[in-house]
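Next come the chains, spelled out residue by residue.
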Amino acid sequence: MSRTIAVLGGTGAEGFGLALRWAQAGETVIIGSRDAKRAQEAADKIKQRAGAIAKISGMENAAACAAAELLVLTVPFEGHAALLKQLKPVFRSGSIVVDATVPLAASVGGRVSRTLGVWQGSAAQETAELVPDGVSVVAAFQNVGSEILNAEGPIDCDVIVCSDDIEAGKTVRALAAKIPGVRAIDGGKLENARILEQITALLIGLSIRHKGHSGIRITGLPPAAYTGG
Ligand SMILES: NC(=O)c1ccc[n+]([C@@H]2O[C@H](COP(=O)([O-])OP(=O)(O)OC[C@H]3O[C@@H](n4cnc5c(N)ncnc54)[C@H](OP(=O)(O)O)[C@@H]3O)[C@@H](O)[C@H]2O)c1
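Treat the numbers as computed from the prediction; the structure is a model and nothing was measured. (Residues numbered from 1 in each chain as written. Predicted model: local features only at pLDDT ≥ 70, side-chain atom pairs only at ≥ 80, totals over all residues. Heavy atoms only, no water.)

### A few points about unusual backbone geometry
For Phe141, which is not glycine, the phi torsion reads 75 degrees and is therefore positive. Checked against the element boundaries, Phe141 lands in the loop between strand 6 (136-139) and helix 6 (146-150). The backbone phi angle of Lys211 is positive, close to 55 degrees, even though this residue is not glycine. Within the secondary structure layout, Lys211 lies in the segment after helix 8 (193-210). (Helix = DSSP H or I, 4+ residues; strand = E, 2+ residues; numbered from the N terminus.)

Rendered as structure tokens:
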């Protein structure tokens, strides 16, 4: 399937790692940034790492959003709502927004191992409130750390994908499964994003306590649950 993925905030650690993995998998990727030059520099770095296969470019966030049908949000929570409001006029109808944002208390000077209460229930549900009609929201990738994504080789993590749009969820599970080592699991409705976001705070705390890069694996489900079904 031919499509373009725009990673908004892709100059940061998390978005860069996701963009790198998808570029390595042969996907067409645009890095989005508040600054087109910064986006292009990140795209060039990915090209160096991914090699000739990489179909990657860099643009200012709104231009990247207008040029893609799959959008991945990887900005800090403090910039989340403002960015979505800025993008509202340029979303393509029928596009999918994949939200990896975690509302960490660090956004307002608190701890990285705590989350903020979000009125809508989660950052992803806030996104659903801010996108235009006809744009689907999917929560995913909150529990995959940037250090793991930016390292070499397969990653030892599952990705739980939550959405109220069944088809959009399926698309994003297929995209997640392109990252070697990832098993993408249907996590049900978008309201479950609040749990995914909380798990990240726990994982950050575990990584600090034990000096590692923690992730999650789900056990005990039938094989079909792990193969994007
Ligand atoms: N890091 C991780 O391991 C990890 C894991 C799971 C989920 N996440 C989530 O993914 C998101 C990104 O994490 P990160 O560590 O990559 O963050 P980051 O490096 O702090 O930020 C990512 C990018 O967002 C842009 N940005 C920064 N402040 C902004 C603002 N106020 N408004 C709009 N854009 C802004 C910056 O790009 P430009 O300056 O180029 O615009 C920056 O490079 C966060 O919501 C985080 O909770 C992170």
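From this point, things continue past the structure.
### With respect to helix 1 (residues 13-24)
Compared with an ideal rise of 1.5 Å per residue, which puts 12 residues at 16 Å, helix 1 spans 16 Å between its outermost C-alpha atoms and is within 8% of the ideal. In terms of burial, helix 1 is largely enclosed, as 10 of its 12 residues are buried. If you check which residues of helix 1 are buried, you get Glu14, Gly15, Phe16, Gly17, Leu18, Ala19, Leu20, Arg21, Trp22 and Ala23. Following helix 1 by one or two positions, Gly26 adopts a phi angle in the positive range, close to 90 degrees. (Expected span 1.5 Å × (residues − 1). Buried < 20%, exposed > 50% of the residue type's maximum accessible area, 1.4 Å probe, protein only.)

### Some remarks on the packing of aromatic side chains
A full pass over the atoms with the stated rule returns one aromatic pair. Here the aromatic rings of Trp22 and Phe141 are separated by 5.5 Å at their centres, their planes lie at 75 degrees, and the arrangement is edge-to-face. On the criterion of sequence distance, the pair formed by Trp22 in helix 1 and Phe141 in the loop between strand 6 and helix 6 is long-range, its members being 119 residues apart. Phe141 sits in the buried class, given a relative accessible area of 1%. (Phe/Tyr/Trp six-rings, centres within 6.5 Å; stacked < 30°, edge-to-face > 60°.)

### Some points on the site of the ligand
As a structural note, the neighbourhood of the ligand is formed by 20 residues, with Thr11, Ser33, Arg34, Val75 and Ser146 the closest of them. The side chain of Thr11 places a nitrogen or oxygen atom 2.6 Å from an oxygen atom of the ligand. Residue Ser146 places a main-chain N or O atom 2.8 Å away from an oxygen atom belonging to the ligand. Computed on the free molecule, the ligand has an accessible area of 880 Å², of which 76% lies beneath the protein chains in the complex. (Near = heavy atom within 4 Å. Polar contact = N/O pair within 3.5 Å; in protein donor to acceptor, adjacent residues only side chain to side chain. Areas by Shrake-Rupley, 256 points an atom, 1.4 Å probe, with all protein chains shown as cover.)

### Looking at the sheet that holds strand 6
Pairing is mixed in the open sheet, where eight strands are placed in the order 3-2-1-4-5-6-7-8. With one partner strand each, in any of the chains shown, strand 3 (55-60) and strand 8 (183-186) form the two edges of the open sheet. Looking at each pair of strands side by side, their axes are set apart by 25 degrees on average, direction ignored. Note: strand 1 (residues 4-8) against strand 4 (residues 70-73), four bridges, orientation parallel. What sits directly across from Ile5, in strand 4, is Leu70. (Pairing = 2+ DSSP bridges. Axes fitted to C-alpha atoms, helices over the stretch in contact; angles between N-to-C directions.)

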